[in-house]
Amino acid sequence: MKPVTAGSSYGLGVATSPGELQEAIAAALRFDDRVLIEPFVRGREIDVAIIETSSGELFCGAPLEIGRRDGAVFDTETKYDGTADFTVPCRLEPELQERMLASARHLFRTFGCRDLARIDFFVTADGAIVFNEINTMPGLGAWSQFPRMFAAAGVDYDELIDGLTRTALVRTDTARRDGRSPGKQEVASATRFG
């Protein structure tokens, strides 16, 4: 169980009995008035960072794997206490990696994302790719997953932030030239790729 719109795993819970189910739902409801209930997936947790340039091209950073014990959940505490085990770039068979990157791009477009997102997956023992969630405003601190994935792809932090800023300015200028008031949808992000 998890809140529909909360981030950083706030309100995330796992239930293995009816009593735990009610507790987990109540915990999630502290962060949102809607709760997502989904089956527990066992597998590798792998994330893909995507940037959309002002011209609409999509670029992916190196996939990142979150190391955890089998059955453990990547919870809020682990995300912020410095004990998270990240492998970036993670080891994936080339065919599996290409399928995952293609899936990430497809989901980005299908859900109407814009500018940047981190798309999280599980990969099961039989090689199935299971979509977990989209983070439409992933963390951008130098220690965060998103910048780490682009650093592993050869884009350092300063270059990443500079690219995000420059593309936002391009989209804002374009909106003004088109006679529109630049709103949230004009705030953009991209790197040197754009």
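The structure we're discussing is the one just above.
What you see is a predicted model, and the numbers here were worked out from it, not measured in a lab.

1. Let's talk about the packing of aromatic side chains
So, point 1. The full count for this structure, using the stated rule, is three aromatic pairs.
So, point 2. Between Phe 111 and Phe 131 the ring centres are 5.8 Å apart and the planes differ by 25°, which places this aromatic pair in the stacked class. Placement of the pair is Phe 111 in the loop between α3 (94–110) and β7 (116–123) and Phe 131 in strand β8 (residues 129–135), with a sequence separation of 20 residues.
So, point 3. Judged by relative accessible area, which is 34%, Phe 131 ranks as partly exposed.
So, point 4. Centre to centre, the rings of Phe 121 and Phe 131 are 6.5 Å apart; their planes meet at 65°, and the pair counts as edge-to-face. Taken as a pair, Phe 121 in strand β7 and Phe 131 in strand β8 lie far apart in primary sequence, 10 residues in all.
So, point 5. Given the relative accessible area of 1%, Phe 121 is considered buried.
So, point 6. Grouping aromatic residues by their ring pairs yields a cluster made of Phe 111, Phe 121 and Phe 131.

2. Here's the deal with the environment of Phe 122
So, point 1. Position of Phe 122 among the secondary structure elements: in strand β7.
So, point 2. Separated by 11 residues in sequence, Phe 122 and Glu 133 place their C-alpha atoms 9.9 Å apart.

3. Regarding the pattern of salt bridges
So, point 1. Within this structure, the stated rule accounts for 10 salt bridges.
So, point 2. The partner of Arg 44 in a salt bridge is Glu 65, and the shortest N-O contact between them spans 2.6 Å. In this pair, Arg 44 sits in strand β3 (residues 44–52) while Glu 65 sits in strand β5 (residues 64–67), placing the two residues 21 residues apart along the sequence.
So, point 3. With relative accessibility at 29%, the residue Arg 44 sits in the partly exposed group.

4. Quick word on the side chain of Glu 52
So, point 1. Of note, Glu 52 is situated in strand β3.
So, point 2. Polar contacts involving the side chain of Glu 52 include one to the side chain of Arg 109, which spans 3.0 Å.

5. Some points on the side chain of Asp 47
So, point 1. Along the chain, the position of Asp 47 falls in strand β3.
So, point 2. In this structure the side chain of Asp 47 is engaged in a polar contact, spanning 3.5 Å, whose partner is the side chain of Arg 118.
So, point 3. If sequence neighbours within four positions are ignored, Asp 47 has contacts with Pro 63, Leu 64, Ile 66, Arg 118, Ile 119, Asp 120, Phe 121, Gln 145 and Met 149.

6. Some words on the nonpolar core
So, point 1. The biggest cluster of nonpolar side chains holds 18 residues, and the ones touching the most others in it are Val 48, Ile 50, Met 100, Phe 108, Ile 119 and Phe 121.
So, point 2. Going through the elements one at a time, β3, β4 (58–60), α3 and β7 are the ones with two or more residues in this core.
So, point 3. Top contributing element to this core by residue count: α3, with six residues.
So, point 4. Excluding residues within four positions of it along the chain, Val 48 makes contact with Cys 60, Met 100, Leu 101, Ala 104, Ala 117, Arg 118, Ile 119, Phe 121 and Met 149.
So, point 5. Counting 12 residues, the second largest nonpolar core, distinct from the first, contains Ile 66, Phe 86, Leu 116 and Leu 160.

About the thresholds
Residues numbered from 1 in each chain as written. Predicted model: local features only at pLDDT ≥ 70, side-chain atom pairs only at ≥ 80, totals over all residues. Heavy atoms only, no water. Phe/Tyr/Trp six-rings, centres within 6.5 Å; stacked < 30°, edge-to-face > 60°. Helix = DSSP H or I, 4+ residues; strand = E, 2+ residues; numbered from the N terminus. Buried < 20%, exposed > 50% of the residue type's maximum accessible area, 1.4 Å probe, protein only. Salt bridge = Lys/Arg side-chain N within 4 Å of Asp/Glu carboxyl O. Polar contact = N/O pair within 3.5 Å; in protein donor to acceptor, adjacent residues only side chain to side chain. Contact = heavy atoms within 4.5 Å. Core = buried A, V, L, I, M, F, W, Y, C linked by side-chain atoms within 4.5 Å.

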